[in-house]
Amino acid sequence: MPFGQTTSAMPAPQPDAAPSGAVIRLARFNIGDVVRHRIYPFRGIIFDVDPVFANTEEWWQAIPEEVRPSKDQPFYHLLAENQETEYVAYVSEQNLVPDESGEALRHARIAEMFERDAQGGYRMRGDAAN
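Residues numbered from 1 in each chain as written. Predicted model: local features only at pLDDT ≥ 70, side-chain atom pairs only at ≥ 80, totals over all residues. Heavy atoms only, no water.

A. Broad picture of the packing of aromatic side chains. Here the structure, examined in full by the defined rule, presents eight aromatic pairs. An angle of 75° between the planes, with centres 5.4 Å apart, marks the rings of tryptophan 59 and tyrosine 90 as edge-to-face. Of this pair, tryptophan 59 sits in helix 1 (residues 57-61) while tyrosine 90 sits in strand 4 (residues 86-92), and the two are 31 residues apart along the sequence. Owing to a relative accessible area of 12%, tyrosine 90 belongs among the buried residues under this scheme. One aromatic cluster is present, formed by Phe53, Trp59, Phe75 and Tyr90 through successive ring pairs. (Phe/Tyr/Trp six-rings, centres within 6.5 Å; stacked < 30°, edge-to-face > 60°. Helix = DSSP H or I, 4+ residues; strand = E, 2+ residues; numbered from the N terminus. Buried < 20%, exposed > 50% of the residue type's maximum accessible area, 1.4 Å probe, protein only.)

B. Region of interest: the environment of valine 35. Its place among the elements puts valine 35 in strand 1 (residues 34-37). Linking valine 35 and valine 97, residues 62 residues apart in sequence, is a C-alpha distance of 5.6 Å. When sequence neighbours within four positions are dropped, the list of residues in contact with valine 35 reads Phe29, Arg43, Gly44, Ile46, Leu78, Leu96, Val97, Pro98 and Asp99. (Contact = heavy atoms within 4.5 Å.)

Keep in mind these numbers describe shape, not what the thing actually does.
So this is what it looks like as C-alpha cells:
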C-alpha cells in the first residue's frame, strides 16, 4: 500500500492467547515504573513483565488461598525494597499501585539496569536490555 493511504478492511488487533488458551491482557505497568504493593509495605521498580503467571506451582500454592491472585493477569519482576532489606519480588498486577512519592529507590542493582532522568523517572540502560 502506498505511503499515506489507509484501509478500513484491516481487521482490528485481537488479544493474544496464552498457551493455555487464556486471553493475555495488556500490562498496566511498564519496565522502569516505580510501584508499591497494595497490601504489604514494599515498593520497587519493574524490570520484567510476564503476560500471565510464569512461576512455579509450588510458589503459587504457598500464597494463602484468601489472597492468592489469579494466574491470568500480568505478573511483574521488581527490584523491591522495604525498610529493612532489598530483594527481587514477583507480584501480580492486582496487587500493585503506582508509587507517586517521587522518592529515589535505594536497591543496589538499580544502577546496573536503569538510568534516572532529570524528571526522576527510570529508563532501562541500553546494555541491560535483553
